[in-house]
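Letter by letter, the chains look like this.
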Amino acid sequence: MSLVKKPVNGMKDILPAEMQVRDYVQHVIKETYRSFGFVQIETPCMETIANLTNKQGGENEKLIFKVMKRGEKLNLETAQTETDLVDYGMRYDLTVPLARYYSNHANDLPSPFKALQMGPVWRADRPQRGRYRQFMQCDIDILGEPSSLAEIELILATTTTLGKLGFQNFEVRINERRILKAMAAYSGFSEQDFDTVFIILDKMDKIGLDGVAKELEQSGFAKASVEKYLALFQGVKTAEDGLSYLAGELHGFLENEVIANMQEIASSVQACKTASFHLVFDPTLVRGMSYYTGTIFEIAMPEFGGSCGGGGRYDKMIGNFTGKDVPACGFSIGFERIILLLLENGFQVPKQPKKLAYLIEKGYPGEKLANVIAQAQEARKNGHQVLVVRMNKNKKFQKEQLSKDGYEEFEEFFCNK
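What you see is a predicted model, and the numbers here were worked out from it, not measured in a lab. (Residues numbered from 1 in each chain as written. Predicted model: local features only at pLDDT ≥ 70, side-chain atom pairs only at ≥ 80, totals over all residues. Heavy atoms only, no water.)

Colleague: How do you make sense of the sheet that holds strand S7 (residues 170–176) when you look at a structure like this?
Modeller: Taken together, eight strands build an open sheet; the order of strands is S1-S5-S6-S11-S10-S9-S7-S8 and the sheet is mixed. Only two strands of the sheet have a single partner each, and these edge strands are strand S1 (39–40) and strand S8 (277–281). Summarising the sheet, S7 and strand S9 (residues 295–301) pair through six bridges and their orientation is antiparallel. The residue of S9 that forms the bridge with Glu-171 is Ala-300. (Pairing = 2+ DSSP bridges. Helix = DSSP H or I, 4+ residues; strand = E, 2+ residues; numbered from the N terminus.)

Take a look at the structure:
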């Protein structure tokens, strides 16, 4: 029986042309984020299973690739529960590993700490366009900064990066978890039902206002509460300033500082942005991660028809490791979806070195070969990319393939010359 050539379902082989684009995009991301003062770190691909299943990762906790215990730790005969079989899991995002990393190294890190992470993560998800089981995540996080400066810097850094990659007229949708909770409480929903309400609200872009109303009533919520709740969204939609409208309607349910903080973020970003995008307050934005405690945001791109990144504030996560809460906020670019859009639009990496190919005929004398290699080395010193290879029998096909890979000039070395 022959071995399987195809990669595991939901994972992909990356061909050289795509890899060139990925390398370029990673370079732009890193250089831009570094210009904002972020420093790169790295965390392991595996985490202790208890860290990944602490009821903060939302639906992602159902998608963990779990790692079975090994050697003497594994006893299949006596195992009765999953904890008897599993001790580690593949990380499903970079936020939980960052919280553990910071908790472990806080004494050696500056405050606030601006972290940049890029690396693969794994989710046992259903593969579809732009969604894989192994994919690259690219995060920036600010730990130790309680004010809106963190959100402003994260939004500006992320949008500046997208602008450098050629994206325009996308949306950064922004909301606040405390606004979500205040709207639900104002409408008469009990706190224990908030998660159910938010799960249904999160479907707004797919089923619309009427669909949300129908599902809420089918879930057993009082019609009066549902009507009062949806009237708030209608009010935001028609108001000249949605935040000011909610400040008036939610008086007594929402601290004044929440609206003021959101207004400060919006005005600062609008005044300082360099990329062409729209910052939109969206009270229907939920974000599935239960670890979010404050501001949440998401990138929406018309070309993709969905989210191409997101993040928010998670001030309680580090306290789960240390017993002491630390302000934290992060933003993640949807790297794989960005790559997909660039490739679909025929993106070409700019400012590439000139690519030369030296084709050496089979049997070319060894005493002359060193001269060819020395010539290639000199061209490399001058900034060119030089490929030295043996000449194939079908030289025409070989050159056609190299031309597809961007090689512009060919020099041929024959035995009789």
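From this point, the narrative continues.
Colleague: Can you walk me through the packing of aromatic side chains in this structure?
Modeller: Any aromatic ring pair is given by two values, namely how distant the centres are and how the planes are angled relative to each other. Enumeration according to the criterion identifies 14 aromatic pairs in this entry. Where Tyr-229 meets Phe-233, the ring centres are 5.0 Å apart and the plane angle is 85°; that geometry is what we call edge-to-face. Of this pair, Tyr-229 and Phe-233 both sit in helix H8 (residues 223–238), separated by four residues, roughly a single helical turn. Here Phe-233 falls in the buried class, since its relative accessible area comes to 7%. Summarising the aromatic geometry, the rings of Tyr-358 and Phe-413 are spaced 5.6 Å apart at their centres and angled 65° between planes, so their arrangement reads as edge-to-face. One end of the pair, Tyr-358, is in strand S12 (residues 355–360); the other, Phe-413, is in strand S14 (residues 409–413), and 55 residues separate them in sequence. Its relative accessible area of 4% is what places Tyr-358 among the buried residues. Phe-413 sits in the buried class, given a relative accessible area of 10%. Cluster of aromatic residues (ring-pair linked, three or more members): Phe-189, Phe-221, Tyr-229 and Phe-233. Stacked on the ring of Phe-38, the Lys or Arg Lys-114 has its end atom at 4.7 Å from the ring centre. (Phe/Tyr/Trp six-rings, centres within 6.5 Å; stacked < 30°, edge-to-face > 60°. Buried < 20%, exposed > 50% of the residue type's maximum accessible area, 1.4 Å probe, protein only. Lys NZ or Arg CZ within 6 Å of the ring centre and 35° of its normal.)

Colleague: Explain the packing of helix H7 (residues 204–218) against H8 here, please?
Modeller: To describe two helices that pack against each other, one gives the angle between their axes and the distance between the axes. Running from N to C, H7 and H8 point in directions that differ by 155°, and their axes come no closer than 10 Å. Considered as vectors, H7 and H8 are oriented roughly antiparallel to each other. Read as a crossing pair, H7 and H8 show a hand that is right-handed. Contacts between H7 and H8 pair Leu-209, Val-212, Ala-213, Leu-216 and Glu-217 from the former with Lys-223, Val-226, Tyr-229, Leu-230, Phe-233 and Gln-234 from the latter. (Axes fitted to C-alpha atoms, helices over the stretch in contact; angles between N-to-C directions. Parallel < 35°, antiparallel > 145°, perpendicular 65-115°, else oblique. Left-handed = near helix turned anticlockwise from the far one by under 90°. Contact = heavy atoms within 4.5 Å.)

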